[in-house]
Amino acid sequence: MYLGKSLDDARACGIASGCVEAGTAGKEAYVLTGYLNIPKVLELALHRGYDAYTGEKAGIDVGDPLQFASYDDVWQAFLKELKYVVDVKVVGNNLIERLYMQYMPVPLLSVITDDCIANGKDYNAGGARYNTSYIQCVGIATITDSLAVLKQQVFEQRRFTMEDIITACDRDFDGDDALLDVVLHHTPKYGNDDDYADAILHDVDRALQATIAGRPTPKGSKTVVEFLPTTCHVYFGQVMGASPNGRRAHVPLPDGISPEKGADTHGPTAVIKSCAKLEQLKTGGALLNQKFTPSVVAGPKGLACLAALVRSYFTMDGHHIQFNVVDRETLLDAQRHPEQYENLIVRVAGYSDYFNNLDKALQDEIINRTEQSFGA
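What you are looking at is a predicted structure, and each value in this text was computed from that prediction instead of being measured.

**Student:** Which parts of the structure should I look at to understand the overall build of the protein chain?
**Tutor:** Broken down by element type, the protein chain carries 14 helices and ten strands. Rg of the C-alpha trace for the protein chain: 21 Å, near the compact-globule value of 21 Å for 376 residues, within the 12% margin. Dimensions along the principal axes, computed over C-alpha positions, put the protein chain at roughly 65 × 55 × 40 Å. The buried share among the 376 residues of the protein chain stands at 53%. In the protein chain, 68% of the contacts between residues at least 6 apart in sequence involve partners at least 24 apart. Approximately 16500 Å² of the protein chain is accessible, and the part contributed by carbon and sulfur atoms is 54%. Side-chain charges in the protein chain split into 35 positive and 49 negative, and the spacing between the mean points of these groups amounts to 5 Å.

Encoded structure:
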């Protein structure tokens, strides 16, 4: 209803495109318009608009980061870069939408979607009762933890300078073991119900909403923020250098709104409390993956704990949570002996797939996700 649906239509909603997005089935043209790499925006801002991966100019110069005198300078630079990147993306989205409107009608979808016939318009031309376009944001955990490093370690505790952090990232922390230890293990991280990190998460969330949400499109859609990576978090990580939070170069970003791998050290209840600080009701979907070993959820007690976790998350207005119940050694053995694991299925992002169907980078990303437990 926040996104404009009537009460009756909202009650009849379903999974709109097969993953995590809730839409009014049969009444809505629900269009995913591609992905936005959020931590890449910070990378551009810290390199004066240059892509640290390609060396090419891809953003705008928002100032010399070595001259930033406060965390607010970093934040304002990020906001300016974000607006530029989103503006470029929206221009591209609108061009594609016009092409669909003019050259790619879908008569079957138009016949079975409410109001297209009454409006005399094709599904791709704004004929449906509801028309929504979604920008899928990826890497919110990485940007949150990276900003936490800059805020706390550079400007509050002054352990490092901006030059220290940027130089360390540019050389993938080679020779920067002490700095890497601090940013990895002695800085607040999203996913632990830590108010310091989660306040930054909230700021990033509000910035995305302010920059993206409500933008009109040629067919009359309203643009909505969504946190769904599919498999793009792997590719986005591959085309990035190292990040200030200690993520190494070319390593996949976290999927959806899941915390950075290994950063969520306080258990699954802390994870869902952090995630619930996102205003998920304003999104078109927000994917959270959690991983348990089979022994953790075994038996009546394990099942009760898992059910309580899910119910608690939804009580806090969480949108979507899903699980891999498999231990690390099984997945590693499946990489070594794929012929013995032809029927092994895992949750990837908003979908499941046979483990053997995934490329090694995506297999490794799933293997390296934090294995949670419920404690005593």
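**Student:** Hey, could you run me through the packing of helix H2 (residues 38-45) against helix H6 (residues 140-156) in this one?
**Tutor:** Geometrically, a packed helix pair is captured by the angle between its two axes and the distance between the axes. Packing of H2 against H6 brings their axes to within 7 Å, and their N-to-C directions diverge by 40 degrees. What the angle tells us is that H2 and H6 run oblique. The segment H2 lies against H6, with Ile38, Pro39 and Leu42 engaging Ile140, Thr142, Ile143, Ser146 and Leu147. Looking at the contact of H2 with H6 residue by residue, the class counts come to six nonpolar, two polar and no charged.

**Student:** What am I meant to see in the packing of aromatic side chains here?
**Tutor:** Two measures describe an aromatic ring pair: the distance that separates the ring centres and the angle between the ring planes. Within the structure shown, the criterion is met by six aromatic pairs. Judged by centre distance (4.0 Å) and plane angle (20 degrees), the rings of Tyr30 and Tyr134 are stacked. With Tyr30 in strand E3 (residues 28-37) and Tyr134 in strand E4 (residues 130-138), the pair connects residues that are 104 residues apart, well separated along the chain. You can call Tyr134 buried: its relative accessible area is 0%. Centre to centre, the rings of Phe292 and Phe323 are 5.7 Å apart; their planes meet at 40 degrees, and the pair counts as tilted.

**Student:** What exactly am I supposed to notice about the pairing of strand E7 (residues 320-325) here?
**Tutor:** Put simply, side chains in a regular strand alternate between the two faces of the sheet. Among the six residues of E7, five are classified as buried, and the element is accordingly described as predominantly covered. Here strand E6 (residues 287-292) pairs with E7 via six bridges, running parallel. Within the sheet, the bridge partner assigned to Asn289 lies in E7 and is Gln322. Remark: the E6/helix H12 (residues 299-315)/E7 crossover connection has right-handed handedness.

**Student:** Would you explain a nonpolar patch on the surface in this entry?
**Tutor:** On the surface, Leu95, Ile96, Leu99, Tyr100, Tyr103 and Met104 cluster together into a nonpolar patch covering about 620 Å² of accessible area. Within the element layout of this structure, Tyr103 appears in helix H3 (residues 71-103).

**Student:** In this structure, what is going on with the state of the cysteines? I would like to understand it.
**Tutor:** If you walk through the whole model with that rule in mind, you get zero disulfides. Distance from the sulfur of Cys232, which forms no disulfide, to the nearest cysteine sulfur (Cys137) is 12 Å.

**Student:** Would you explain helix H7 (residues 162-170) in this entry?
**Tutor:** An α-helical turn contains 3.6 residues, so any two residues separated by three or four positions project in the same direction. Residues Met162, Ile165, Ile166, Ala168 and Cys169 constitute the buried set of H7. What you see down the axis of H7 is that its buried residues fit within an arc of 160 degrees, all on one side. Here the buried face of H7 lies against H3, H6 and helix H8 (177-185).

**Student:** What is the right way to read the sheet that holds strand E5 (residues 222-226) from this model?
**Tutor:** One key point about sheets: their strands pair by backbone hydrogen bonds, in either a parallel or an antiparallel sense. Taken together, the three strands give an open sheet; going across it, the order is E3-E4-E5, and neighbouring strands pair in parallel fashion. Each edge of the sheet is formed by a strand with only one pairing partner; in this case those strands are E3 and E5. Averaged over neighbouring strand pairs, the angle between their axes works out to 25 degrees when direction is ignored. Where E3 meets E4, eight bridges bridge the pair, whose relative direction is parallel. Its bridge partner being in E4, Tyr35 is matched across the sheet by Gln136. Relative to E3, H2 is tilted by about 40 degrees, and along the sheet it contacts E3 and E4.

**Student:** Please explain the environment of Ile117 as it appears in this structure.
**Tutor:** Relative to the elements of secondary structure, Ile117 occurs in helix H5 (residues 116-119). Sequence-distant contacts of Ile117, that is, excluding residues within four places in its chain, are made with Ser110 and Val111.

**Student:** I keep staring at the side chain of Gln372 and nothing clicks. Help me out?
**Tutor:** Structurally, the position occupied by Gln372 is in strand E10 (residues 371-372). Looking at Gln372, its side chain comes within polar contact range of the side chain of Asp264, at 3.0 Å. Among residues more than four places away in sequence, those in contact with Gln372 are Asp264, Gly267, Pro268, Val271, Gln290, Lys291, Phe292 and Val296.

**Student:** Can you walk me through unusual backbone geometry in this structure?
**Tutor:** The phi dihedral of His250 falls on the positive side, at around 70 degrees, and the residue is not glycine. The phi dihedral of Asp317 falls on the positive side, at around 70 degrees, and the residue is not glycine. Structurally, Asp317 is set in the loop between H12 and E7.

**Student:** Can you help me understand the pattern of salt bridges in this one?
**Tutor:** For side chains bearing opposite charge, pairing can occur when the charged atoms are close. This model, assessed by the stated rule, comprises 23 salt bridges. With its nearest N and O atoms 3.0 Å apart, the salt bridge here joins Lys273 to Asp193. In this pair, Lys273 is assigned in helix H11 (residues 268-275) and Asp193 in the loop between H8 and helix H9 (195-212), connecting sequence segments 80 residues apart. Classification of Asp193 by relative accessible area gives partly exposed; the value is 26%. When the shortest N-O distance is used, the salt bridge between Asp333 and Arg336 registers 3.7 Å. Here the residue Asp333 and the residue Arg336 both occupy positions in helix H13 (residues 328-336), the gap between them amounting to three residues, near one helical turn. Exposure remark for Asp333: the relative accessible area of 18% places this residue in the buried category. Through salt bridges with shared partners, one network takes in Asp9, Lys27, Asp114, Asp115 and Arg129.

Rules behind the numbers
Residues numbered from 1 in each chain as written. Predicted model: local features only at pLDDT ≥ 70, side-chain atom pairs only at ≥ 80, totals over all residues. Heavy atoms only, no water. Helix = DSSP H or I, 4+ residues; strand = E, 2+ residues; numbered from the N terminus. Rg over C-alpha atoms; globule rule 2.2 N^0.38 Å. Buried < 20%, exposed > 50% of the residue type's maximum accessible area, 1.4 Å probe, protein only. Contact = heavy atoms within 4.5 Å. Areas by Shrake-Rupley, 256 points an atom, 1.4 Å probe, with all protein chains shown as cover. Lys, Arg positive; Asp, Glu negative; His and termini not counted. Charge placed at Lys NZ, Arg CZ, Asp CG, Glu CD. Axes fitted to C-alpha atoms, helices over the stretch in contact; angles between N-to-C directions. Parallel < 35°, antiparallel > 145°, perpendicular 65-115°, else oblique. Nonpolar A, V, L, I, M, F, W, Y, C, P; charged D, E, K, R; others polar. Phe/Tyr/Trp six-rings, centres within 6.5 Å; stacked < 30°, edge-to-face > 60°. Pairing = 2+ DSSP bridges. Right-handed = clockwise from strand over helix to strand, strands pointing away. Patch = residues over 30% accessible without salt bridge, like charges linked within 9 Å, V, L, I, M, F, W, Y side chains within 5 Å. Salt bridge = Lys/Arg side-chain N within 4 Å of Asp/Glu carboxyl O. Disulfide = S-S within 2.5 Å. Arc of directions from axis to C-beta. Polar contact = N/O pair within 3.5 Å; in protein donor to acceptor, adjacent residues only side chain to side chain.

It is worth stressing that arrangement in space is one thing and function is another; only the former is reported here.
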